[in-house]
Each structure stands twice: as structure tokens, then as C-alpha cells.
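Chain by chain, the residues run as shown.
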Amino acid sequence: MTVSASTLNPGTTLGSSDQVVVTAGTGTTVVTQALISNPSSAASSVTIKLLREGATSSVTIVPGRAIGVSGTDILPELAGLVLNAGDVLSASGLGVVLVMSGYVVS
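Residues numbered from 1 in each chain as written. Predicted model: local features only at pLDDT ≥ 70, side-chain atom pairs only at ≥ 80, totals over all residues. Heavy atoms only, no water.

**Q** Before we move on, can you summarise the side chain of Thr47 with the specific residues and values?
**A** Position of Thr47 among the secondary structure elements: in strand β4 (residues 44-51). Among the polar contacts listed, one links the side chain of Thr47 to the backbone nitrogen of Gly64, at a separation of 3.1 Å. Residue contacts for Thr47: discarding those within four places in its chain leaves Thr60, Val62, Pro63, Gly64, Ser90, Ala91 and Ser92. (Helix = DSSP H or I, 4+ residues; strand = E, 2+ residues; numbered from the N terminus. Polar contact = N/O pair within 3.5 Å; in protein donor to acceptor, adjacent residues only side chain to side chain. Contact = heavy atoms within 4.5 Å.)

And the structure:
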């Protein structure tokens, strides 16, 4: 068994529609930290959803977290989240930057 630290998402600028931000590869992926920042000139709202491999609908994990202009926030809802191979996290939030780190066990 190997445990490797990983940048799960290096800093994706989100749009108003859901977009994939993490797709778990082989083994088990664990999110340790996620943060959002809003460098834009307008307040925004962030939503993050989880789609498990083989599922037909996603589960909303972060439902519409408000983030003000030049604001930052951590997302404790994601800390410790275990993703199996093929699980997908998607997010939306116009102009917001999402950064996630964790580790992969293979």
C-alpha cells in the first residue's frame, strides 16, 4: 500500500454551471482540505456536488455557500471525504477559485 500526497485541484476558476473539479482515479482518494476564494468584483455562491461511480444522480455537499468580493473560505464539509475510483466532484460558482488537496491510497 502506498500513500501519496496529492493536489486534487490546483486552482480552478469556476463558472455558473457545474463543472468537474475532481475525478478519483485508482485506489482511494481522501480530501484533506478545500478552500475557495473570490477575486472577482461581485459576490458569488458556490455549490459542490458528489456523484458516486455507478450512481445516476449526485448529492449536494456544499449547497450555495455565499462568498463575498475578495473573500476566502474553507470548506470543512469536504475534509475527510473519501472518494473511490470513478467518483466525481463537480462545482459551480461564477468567478470563484477552488483549491483542493488530499492523498491517494493505492
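Structure's up, so let's keep going.
**Q** Mind laying out unusual backbone geometry, listing which residues take part and the relevant values?
**A** The backbone of Ser70 sits at a positive phi, close to 60 degrees, despite the residue not being glycine. Along the chain, Ser70 turns up in the loop between β5 (59-67) and β6 (72-74). Taking relative accessible area as the criterion, Ser70 reaches 62% and is therefore assigned exposed. (Buried < 20%, exposed > 50% of the residue type's maximum accessible area, 1.4 Å probe, protein only.)

**Q** Describe the sheet that holds strand β2 (residues 19-23), naming the residues involved and giving the relevant values.
**A** Either a parallel or an antiparallel arrangement is found when strands of a sheet pair, and the pairing is made through backbone hydrogen bonds. With antiparallel pairing, 4 strands are arranged side by side in an open sheet as β2-β8-β4-β5. Taken across any chain shown, the strands that pair with only one partner, and hence form the sheet edges, are β2 and β5. Ignoring strand direction, the axes of neighbouring strands in this sheet form an average angle of 20 degrees. Relative to strand β8 (residues 88-92), β4 runs antiparallel, the two sharing 5 bridges. Note that in β8 the partner of Leu51 across the bridge is Val88. (Pairing = 2+ DSSP bridges. Axes fitted to C-alpha atoms, helices over the stretch in contact; angles between N-to-C directions.)

**Q** Got a sec to walk through the nonpolar core? Specific residues and values, please.
**A** With 22 residues, the main nonpolar core has Ile48, Leu89, Leu98 and Met100 as its most contacted residues. Secondary-structure elements contributing two or more residues to this core are β2, β3 (28-37), β4, β5, β8 and β9 (97-105). Beyond its immediate sequence surroundings of up to four residues, Leu89 is in contact with Gln19, Val20, Val21, Val22, Val31, Ile48, Lys49, Leu50, Leu81, Leu83 and Met100. (Core = buried A, V, L, I, M, F, W, Y, C linked by side-chain atoms within 4.5 Å.)

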